[in-house]
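Remarks on the overall topology
Take a look at the letters that make up each chain.
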Amino acid sequence: MSNYGTPPSIPSSLQQYNSYVEDPKWQRKFSIVWACILGGAVLASLPHVVRSAKNGRLLRGFFGVSEDVTGKHYTPVNSTHKEQTHRRGRISAIVQTSLSIFRWSLPGVEMTFGQMIIIGAYLALVLTCIIIRAPLITNPNRAGFMALAQFPVVFLFATKNSILSLLLGPGNGYERLNYVHRWSGRGMFIAATVHGALWIRNHLVYNIAIIGQQKETSGVAAFGVLCVLVLTSLRPIRRLFYQGFFVCHVLGYVAFFVTVCYHTTYASPWIFPPLALYGADLLLRMFRYRIKDATLVPVGGEMTLIHVHDCHDGWQAGQHMRLRVFFSGRVFESHPLTILNAHASASCLPAQGLTLAARATGDWTRALNAYARAEQERLRGEKTAGPGAAVQVMLDGPYGGCSIDLGQYESALLVAGGSGVTFTLGLLDDLAARCVKLGRAGGEKTRRVEFAWCIRSYSCIAWFAPMLTDIATALAGSSLDLHISIFVTCLCKPEAVPPIPNSDVTILRPSVNALLHDMVTPPSLASVEDDRSSQSSRAKLNWVGLGGGVAVCAAGPETMTREAQNAAARLGMVRGVELGGVGLHTELFAI
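The following paragraphs examine the structure supplied in this document.

Calculation criteria
- Residues numbered from 1 in each chain as written.
- Predicted model: local features only at pLDDT ≥ 70, side-chain atom pairs only at ≥ 80, totals over all residues.
- Heavy atoms only, no water.
- Helix = DSSP H or I, 4+ residues; strand = E, 2+ residues; numbered from the N terminus.
- Rg over C-alpha atoms; globule rule 2.2 N^0.38 Å.
- Buried < 20%, exposed > 50% of the residue type's maximum accessible area, 1.4 Å probe, protein only.
- Contact = heavy atoms within 4.5 Å.
- Areas by Shrake-Rupley, 256 points an atom, 1.4 Å probe, with all protein chains shown as cover.
- Lys, Arg positive; Asp, Glu negative; His and termini not counted.
- Charge placed at Lys NZ, Arg CZ, Asp CG, Glu CD.
- Core = buried A, V, L, I, M, F, W, Y, C linked by side-chain atoms within 4.5 Å.
- Axes fitted to C-alpha atoms, helices over the stretch in contact; angles between N-to-C directions.
- Parallel < 35°, antiparallel > 145°, perpendicular 65-115°, else oblique.
- Left-handed = near helix turned anticlockwise from the far one by under 90°.

1. Describing the overall build of the protein chain
- Along the backbone of the protein chain there are 18 helices and twelve strands.
- For a compact globule of 591 residues, the expected C-alpha radius of gyration is about 25 Å, and the protein chain comes in at 28 Å, within 12% of that figure.
- Based on the C-alpha atoms only, the size of the protein chain along its principal axes is roughly 105 × 60 × 50 Å.
- Relative to its full complement of 591 residues, the protein chain shows a buried share of 50%.
- Intrachain contacts of the protein chain at a sequence separation of at least 6 include 77% that bridge at least 24 residues.
- As displayed, the protein chain has an accessible area near 27,400 Å², and 64% of this comes from carbon and sulfur atoms.
- A gap of 7 Å separates the mean positions of the 52 positive and 37 negative side-chain charges of the protein chain.

If you want it as structure tokens, here you go:
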């Protein structure tokens, strides 16, 4: 057989683009880049994780709430404590100051400036991987491959029990990472739209039927399902029709996976990571589910307290539970409710167990309140002792929590609007017990707390007045100075103001910026500025100097949390190093 020598090589400029060889390379590049960025975020969070592990916050509640069968819910500690240094580390203060600019938030935007940078970088990465050296007009497969490559990102940031939340430390639950899930889903939609639109364009140019063959038909079906998922996840629809949004999401992603696997065999490898993430989420939920006895206590027609019995540990202050209450046939509805109190070993409140609060605003919460009031009236008629209606509940959680440790800051401002007080009240209970009952065993530095609560009417104070009274009484004459400011925006029932120690009730909408300014203004300047505001709290709290750090926690409607973010960002950029750092955590009470 004769030897014809080496076959001629075809110049790269004349070679036909092989999408099924080149495009998977860009999938891998995309995956490597976002995984490296995520790894960098985990490394940056390592100091926070280590501190949380040392003080026992890291894994508390990882396997759900627990019951103390020994009956020793609380072991007192000697109240004497070492005097802690007032100044925080300068490096920590400089780091927090440099990050202050990323806390800014614009009206109508659900994200902070830092979050917008993250999403902008993510979308830029997606578009770059779609466009670079890809003949999209003649072969738009690259966009389709990039849509598949985003499956793991979408599910990693969607699951409630994500390993990522553990790696980033307490306070980084699914509710704070969910914005990446939403925008990565929209990035997948952008890639799928480019892929589908250009293929349809080519079919029209070459007079090829769009519907008919399995590949084209299943592709159109997959894109239609994806459109429904994206449209129903938009904020107005999500908030107005949450149950419809939830059903569409659960059924939609199953239908999308099936249709996209019919569309292309290259989808199968990218299906397994999401299934593994979701499976791990479901498995961990099985460890966290609890069925407990509970008592519903209606506080008027606007609030219902849920006292869950036999729960003594397994959560942190500021976390929330997903709750099912078995009443009136509504066993399939699950709702997130914030835990009002700290766990039994670190609480100032006399009641043991876990307490949740549900404000009567939606169908489920109104039905729950009506049921509790009806049962209470029935029990009174039967002259049966009992503070409320006995029910059984299913707990799923805890989730979320505060991303900063208030005990590491000398001053703390807790601001809440309406039912957002459930978050700040739990933080206050935990901090008070750590500083007083537990004798600052964890090296807590907090010296003063301003607790501000904005409500619509005086009658709302009765919701949590007993708890505030118990905490204020426990702190009287202690090393932790507390002042409670209640701001009322309506002149309804002024006679309904219960006596709470060291508290003021003002008919005024509070300014978070003014409250924060008051906390960090020395007494020497107070006489000059006190006339400008009637909501000054300087005279109510002892001055402890500067350099110990200021923590700001806000919970409630979007306008209040955005104001707190911007106020903390402004103060941090201007005086962050001088103050010893400005810590911030906000909890938005919205879907």
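2. Notes on the nonpolar core
- In this structure, Phe 451, Trp 453, Phe 464, Ile 471 and Leu 482 are the most contacted members of the largest nonpolar core, which totals 50 residues.
- When contributions to this core are tallied by element, the ones reaching two or more residues are β1 (290–299), β2 (303–308), β7 (411–417), α14 (421–437), β8 (448–455), α15 (465–475), β9 (481–488) and β11 (550–556).
- Ranked by the residues each element gives to this core, the list is headed by α14, at ten residues.
- If sequence neighbours within four positions are ignored, Phe 464 has contacts with Met 303, Leu 305, Leu 340, Ala 357, Val 421, Thr 422, Leu 425 and Trp 453.
- Residues Tyr 122, Leu 156, Leu 229 and Ile 271 belong to the second largest nonpolar core, which totals 46 residues.

3. As for the packing of helix α5 (residues 141–149) against helix α8 (residues 174–205)
- Viewed as axis vectors pointing N to C, α5 and α8 meet at an angle of 155°, and their least axial separation amounts to 8 Å. Between α5 and α8, the interaxial angle falls into the category roughly antiparallel. Where α5 crosses over α8, the handedness of that crossing is left-handed. Mapping the contact onto sequence places Asn 141, Ala 143, Gly 144, Met 146 and Ala 147 in α5 and Met 188, Ala 191, Ala 192, Val 194, His 195 and Trp 199 in α8.

Just distances and angles here, no functional claims.
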